[in-house]
Structure formats: C-alpha cells, structure tokens
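# Observations on chain architecture
Residue strings, one per chain:
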Amino acid sequence: MTLLIGLDGGGTGSRARALRDGGKAGAVFEGGSANIHSDPDGAEQRIAELLARVLQAEGHNDPLDPDLQIVMGLAGASESGAAARLSAALPYLNVTVLGDIDISLSGAFQDSDGIVMAVGTGSVLARQSQGQMQRIGGYGFALGDEAGGAWLGQRALAAALHVRDGLTEDGPLARATWARFETLPALLDFTSTARPSDYATLAPQVVVLDAAGCPLARAILDEGCAYLLRAIRHLQAGDPAVPVAATGGLGALLLERISRHASPALNVTTPRGTALDGALWRAGQLAVTKGQTS
C-alpha cells in the first residue's frame, strides 16, 4: 500500500499529513520551527519527531518500506545545502527535501503556470513556467525576507528607536512598542537573543496599526509591499496576466494591499491548495513516476 507523507516546515512552525491509497487523508499534525539553515540540529530533531507521530497514527513502523514516499518543503533548504544532510539523517528510504517555495508553488498551481508570493515569518516569491522555476528572495532574515513577519517586527523596533532619538515623529506603533518593552535595556536584551520567529511576534501590531492609520506602520508596510510588487513585476516578465497567488500567514493580506494600487492590475487568484497540499501532490507525482519505472 502506497503511503504519502507531506511536511511543510517554516520558521515559526511545521505541519505534516499522510495520504493513503484512494486519496484518504489523515489528520494534520503540527510541530515546531523547521528552518534547517538557521537551526539545523533543532529542525532535524523536530522534523524526525513530527514524522514519527504521523507514521504512528497511520500504524506504520517500517521506515524502509519502498511504498512510503515522503516529501518535505522546508525553509532554508534551497539556500543552505542542508537537504542532503537531512535526508541522510532520517531513516526513511524515499525522502525528498525541497524548499518551502517549491511546495507552495505545487500547492497553488500544481503543474500550471503562476506566481506564488509566500510571506510568513520570511518571504520568497517564485514563478513556475513549463516545469521550470524562477525564484526571488528567501535568503533569510539577516539578508532579506523583506515584508515577512520578522522583517516587519525588526522595522517596528527600529522605528521606535528613531522616535526615541528624535529622528522620526511619534506614533501609535512606537508607543505600542515601548509599552511592551518599557525600557531601552529591555528592548536591547530582546534583540540580543531573538530569533526570526520572535521578531515575527511583533508583526501583528504593525498590520493592525497600519489599518488604523498609523503613519509609522504605514511606512513600514509601504516599503515591504513595494519590494513584493517589484519582485512580482520582474517574475511577470512583462505579462501582467500571469496569475499571482499568496500563501503564508501574511501573504493574502499583503497581496490584497498591493493589488489595491497596482497598475496594470494584478491577476490575483486563489491557490488551489496549501503548501502542505503541494508536498502531498509532489509525493504523489514521485510515487507515480516510481511505479512507471519499476
């Protein structure tokens, strides 16, 4: 019996699910952060635990079963070269490790042409065309991830410091930030140990205060959305009819914000499925290919 496992791992959390013969899907299991670039050892442990939970629920205890097909899309996999190490560390016979954007594209469009704007803790965009992928961004918080939750949180802290230094006029976002941290030492202590997922906890207040008219929050989101639109235009290569779908916790909200003012208008579409659906679809394609060649 063929058993497909899909896993979607990001900087904040991960999810996995099984799909059995006949298309019967199991429950969705959730786990912790699974960025194999920024935290390879921790991500490896959390991924192994999550897979074990899914397989236990399926009553499956043979990691070398040739009919077990696992596909994972993980933050940091495409850039870090850690995919091979992770595959070797896991006991399963058929494991494919992809980037999170790969499974986002498959979830949104399967094998059709389209652009995915994936924005959660980080950000990455990609276009799929005739089986080929072109991507932009996704290089991690230190060097990019523009408009992602961690980036928004970092910008909120920087804005609060600029207000403190007299370089920027005060606003609700700065006041909310200081209400949370109270003192400069407390804010700096936070940044000394904070991971991207910690910065991302500040993103919701940026979004809420932007909607409430805060100029500081609006400036941050304007900057992030300008980057995302520039990346979309580059991926369109002059063809505004290419459909654009959003995934991730912030994707739909930011794409809606961008599309309000984009000219020419964006061809915004609803994804066919989630990134987790994309991982399962990929696993199914691999199982079919294997069956054809065996």
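Here's a quick rundown of the structure. (Residues numbered from 1 in each chain as written. Predicted model: local features only at pLDDT ≥ 70, side-chain atom pairs only at ≥ 80, totals over all residues. Heavy atoms only, no water.)

### With respect to helix α10 (residues 215-236)
Over its 22 residues, α10 runs 31 Å from end to end, which matches the ideal 32 Å to within 8%, given 1.5 Å per residue. For α10, the full list of buried residues reads Leu216, Ala217, Ile220, Leu221, Gly224, Cys225, Tyr227, Leu228, Ala231, Ile232, Leu235 and Gln236. The positive-phi residue at the C-terminal boundary of α10 is Ala237, with phi of around 50 degrees. (Helix = DSSP H or I, 4+ residues; strand = E, 2+ residues; numbered from the N terminus. Expected span 1.5 Å × (residues − 1). Buried < 20%, exposed > 50% of the residue type's maximum accessible area, 1.4 Å probe, protein only.)

### Some words on the packing of aromatic side chains
For the structure on display, the rule yields three aromatic pairs. Seen from their ring centres, Phe190 and Tyr199 are 5.6 Å apart, and the 75 degrees between their planes marks the pair as edge-to-face. Pair check on accessibility: Phe190 and Tyr199 agree, each one buried. What links up through ring pairs into an aromatic cluster is the set Phe141, Phe181, Phe190 and Tyr199. (Phe/Tyr/Trp six-rings, centres within 6.5 Å; stacked < 30°, edge-to-face > 60°.)

### Some points on the pattern of salt bridges
Evaluation of the coordinates by the stated rule reveals seven salt bridges. Ionic pairing is found between Asp210 and Arg257, a salt bridge with its closest N-O pair at 3.1 Å. Of this pair, Asp210 sits in helix α9 (residues 203-211) while Arg257 sits in helix α11 (residues 251-259), and the two are 47 residues apart along the sequence. Here Arg257 falls in the buried class, since its relative accessible area comes to 11%. (Salt bridge = Lys/Arg side-chain N within 4 Å of Asp/Glu carboxyl O.)

### Focus on the sheet that holds strand β1 (residues 3-9)
One open sheet accounts for five strands, arranged β3-β2-β1-β4-β5; its pairing is mixed. Of all the strands in the sheet, the pair left with one neighbour each is β3 (29-31) and β5 (95-99). Across the sheet, the axes of successive neighbouring strands diverge by a mean angle of 20 degrees, strand direction being ignored. As judged from the three bridges shared by strand β2 (residues 14-20) and β3, these two strands associate in the antiparallel manner. By the bridge assignment, Ala16 is partnered in β3 with Phe29. (Pairing = 2+ DSSP bridges. Axes fitted to C-alpha atoms, helices over the stretch in contact; angles between N-to-C directions.)

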